[in-house]
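Each chain, letter by letter, is given below.
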Amino acid sequence: MKTLRHHGRYPYSPVTQAPPFRWPQGDGLAVYVALNLEHYAFGEGMLDELVPTSPAPDVLNYSWLEWGNRVGAWRILELFQSLDLPLTVLVNAATYQGAPGLVEAFRAAGCEIAAHGRTNAERQGDLSSDGEAALIAEATSVIAGHEGARPAGWLGPWISESEETPDLLKEVGYRYVLDWCCDDRPIPLATRAGPLLALPYPQEANDANAIVVRRMGADAFADLIIDQFDEMMAQAVGNALVCPISLHPHVTGQAHRLRHLRRALAHIAAHRERIWLTRARDIADVAIAGYDLR
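Owing to the predicted nature of the structure, the values given are computational and were not obtained by experimental measurement.

Visitor: Explain the UniProt feature "domain: NodB homology" (unreviewed entry) in the protein here, please?
Guide: Under the present numbering, the feature "domain: NodB homology" (unreviewed entry) in UniProt falls on residues 73–177. What you have in residues 73–177 is 46% helix and 11% strand, and the ends, taken at the C-alpha atoms, are 23 Å apart.

Visitor: How do you make sense of the packing of helix α7 (residues 218–235) against helix α9 (residues 255–269) when you look at a structure like this?
Guide: Between α7 and α9, whose axes approach to 8 Å, the crossing angle comes to 15°. Here α7 lies roughly parallel to α9, going by the angle between them. When the axes of α7 and α9 are compared, the crossing they make is right-handed. Together, A218, D219, A222, D223, I225, I226, F229 and D230 of α7 and H256, R257, H260, L261, R263, A264, H267 and I268 of α9 make up the contact between the two elements.

Visitor: Which parts of the structure should I look at to understand the packing of helix α1 (residues 59–83) against α9?
Guide: Between two packed helices, both the angle of their axes relative to each other and the distance between the axes serve to describe the pair. Orientation of α1 relative to α9, taken along the N-to-C sense of each, is 25°, at an axis distance of 11 Å. On the basis of the axis angle, α1 is roughly parallel to α9. Considering the relative orientation of α1 and α9, their crossing is right-handed. Touching R75, I76, L79, F80 and L83 of α1 are L258, L261, R262, L265 and A266, all from α9. When grouped by side-chain class, the residues that make up the contact of α1 with α9 number eight nonpolar, no polar and two charged.

Visitor: Help me understand the nonpolar core in this model?
Guide: Grouped burial of nonpolar side chains is what soluble globular proteins tend to show. Counting 69 residues, the largest nonpolar core has L29, F106, W154, L265 and I268 as its most contacted members. Sort the elements by how many residues they give to this core and α1 lands first, with nine residues. Excluding anything up to four places from it in sequence, L265 contacts V33, L79, F80, L83 and L85. With 23 residues, the next largest nonpolar core counts W23, Y32, L199 and L293 among its residues.

Visitor: In this structure, what is going on with the state of the cysteines? I would like to understand it.
Guide: Disulfide: a covalent bond connecting the sulfur atoms of a pair of cysteines. Across all of its chains, the model carries zero disulfides by this definition. Between C182, a cysteine without a disulfide, and C181, which holds the nearest cysteine sulfur, the sulfur-to-sulfur distance is 7.8 Å. Overall, C182 belongs to the partly exposed group, its relative accessible area being 38%. In this structure C243 is not part of a disulfide, and its nearest cysteine sulfur, from C181, lies 14 Å away. For C243, a relative accessible area of 2% corresponds to the buried category.

Visitor: Where do I start with the packing of aromatic side chains in this structure?
Guide: Both the distance between ring centres and the angle between the ring planes are used here to describe each pair of aromatic rings. Per the stated rule, a full pass over the model turns up six aromatic pairs. Plain terms: the ring middles of Y10 and W180 are 5.9 Å apart, the flat faces sit at 90° to each other, and that makes the pair edge-to-face. With a gap of 170 residues between them, Y10 in the segment before β1 (29–37) and W180 in the loop between β5 (176–177) and β6 (187–189) connect regions that are remote in the sequence. On the numbers, 5.5 Å between centres and 75° between planes, the contact of W154 with Y174 is edge-to-face. Of this pair, W154 sits in strand β4 (residues 153–154) while Y174 sits in the loop between α5 (165–171) and β5, and the two are 20 residues apart along the sequence. For Y174, a relative accessible area of 2% gives the class buried. An aromatic cluster is present here, built from F21, W23, W276 and Y291 joined pairwise through their rings.

Visitor: Whenever I open this one, the pattern of salt bridges confuses me. Can you help?
Guide: Working definition: two side chains of opposite charge can pair if their charged atoms are close together. Enumeration over the complete set of coordinates arrives at 15 salt bridges. A salt bridge links D27 to R274, with the shortest nitrogen-to-oxygen separation between them at 3.2 Å. Of the two residues, D27 is situated in the segment before β1 and R274 in the loop between α9 and β9 (276–277); the sequence distance between them amounts to 247 residues. For D27, a relative accessible area of 37% corresponds to the partly exposed category.

Visitor: Just checking my understanding: could you explain the side chain of E122 for this structure?
Guide: Here E122 is to be found in the loop between β3 (112–115) and α4 (129–147). The residues touching E122, leaving out its near neighbours within four places in the chain, are M46, L135, P157 and W158.

Visitor: What am I meant to see in α7 here?
Guide: For an α-helix the count is 3.6 residues per turn, leaving residues at separations of three or four pointing the same way. With 18 residues, α7 should cover 26 Å at 1.5 Å per step; its first-to-last C-alpha distance of 26 Å lies within 8% of that length. For α7, every residue scored as buried is listed here: A218, F221, A222, L224, I225, I226, F229, M232 and M233. Those residues of α7 that are buried are in contact with β1, α6 (207–213), β8 (241–247), α8 (249–252) and α9.

Visitor: Quick question: what am I supposed to make of unusual backbone geometry here?
Guide: Of all residues except glycine, most have a negative phi; of all peptide bonds, most are trans. For the bond running from A56 to P57, omega is 15°, close enough to zero to count as cis. With respect to the helices and strands, the residue P57 is situated in the loop between β1 and α1. In this structure, D84 is a non-glycine residue whose phi angle is positive, near 55°. Tracing the backbone through its elements, the reader meets D84 in the loop between α1 and β2 (88–91). Classification of D84 as exposed rests on a relative accessible area of 58%. The phi dihedral of W158 falls on the positive side, at around 65°, and the residue is not glycine. Position of W158 relative to the elements: it lies in the loop between β4 and α5. A relative accessible area of 33% means that W158 is categorised as partly exposed.

About the thresholds
Residues numbered from 1 in each chain as written. Predicted model: local features only at pLDDT ≥ 70, side-chain atom pairs only at ≥ 80, totals over all residues. Heavy atoms only, no water. UniProt positions renumbered as here; feature names shortened; annotations may be inferred. Helix = DSSP H or I, 4+ residues; strand = E, 2+ residues; numbered from the N terminus. Axes fitted to C-alpha atoms, helices over the stretch in contact; angles between N-to-C directions. Parallel < 35°, antiparallel > 145°, perpendicular 65-115°, else oblique. Left-handed = near helix turned anticlockwise from the far one by under 90°. Contact = heavy atoms within 4.5 Å. Nonpolar A, V, L, I, M, F, W, Y, C, P; charged D, E, K, R; others polar. Core = buried A, V, L, I, M, F, W, Y, C linked by side-chain atoms within 4.5 Å. Buried < 20%, exposed > 50% of the residue type's maximum accessible area, 1.4 Å probe, protein only. Disulfide = S-S within 2.5 Å. Phe/Tyr/Trp six-rings, centres within 6.5 Å; stacked < 30°, edge-to-face > 60°. Salt bridge = Lys/Arg side-chain N within 4 Å of Asp/Glu carboxyl O. Expected span 1.5 Å × (residues − 1).

Spelled out as structure tokens, the structure:
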């Protein structure tokens, strides 16, 4: 049989083969929540869609997304603070200009600030090599300028990559990437500049995919989070698994969904002695040391 084309980034390894590290707390499950803070262009580029795209400037969908930064994100911040939960915030660099004070509030609350490109109005996989390198450099520079340090992690807008993306990220100093949603453990990706950690990021326990794309109800999405967490907590004993949850303020920040999200997160928080509730960067630090990728 002809050998199929392969990316060459990592070999096959079954989840039953535990990685060479353990988490500093709990029975084997690390849990982190990623909140996507995104800013979109008005009347041009891509938009997340509540309803099918209208002709530009598509005020309906644009306003829905703006509501997320003006209202939903603040409600989610209040929720996480009330439950004393850590949070990783994935930031479009344009958010600093489009929603001044928003990222700063999450920073003040002790959240990790990771990179999520310039804006979700574009995809980096569509760009030339030089264009993608410029996008990464600009987003990194803006975030570092506001935060006083370079972000450790990257999630591409729309999880879009070119053939070179991991190479470009490693070459400018990124420690982990969230685009490769292929495992429940952190794994090393081969790049031309040395290994880059791929950290688990959810396609299923992701409010945009579950609610916006598959039209799942808020109660069902909360049940999904609880069921995912409970089952993974049992599976993770003696291993080092990651249970990630992805949120978007324009989706689960809505009042009728926030109430169900609170139920799911309170369930997780009630088990904090058995798990490692943390941020993506902290998970990456342990895995990088365990794989000796420094």
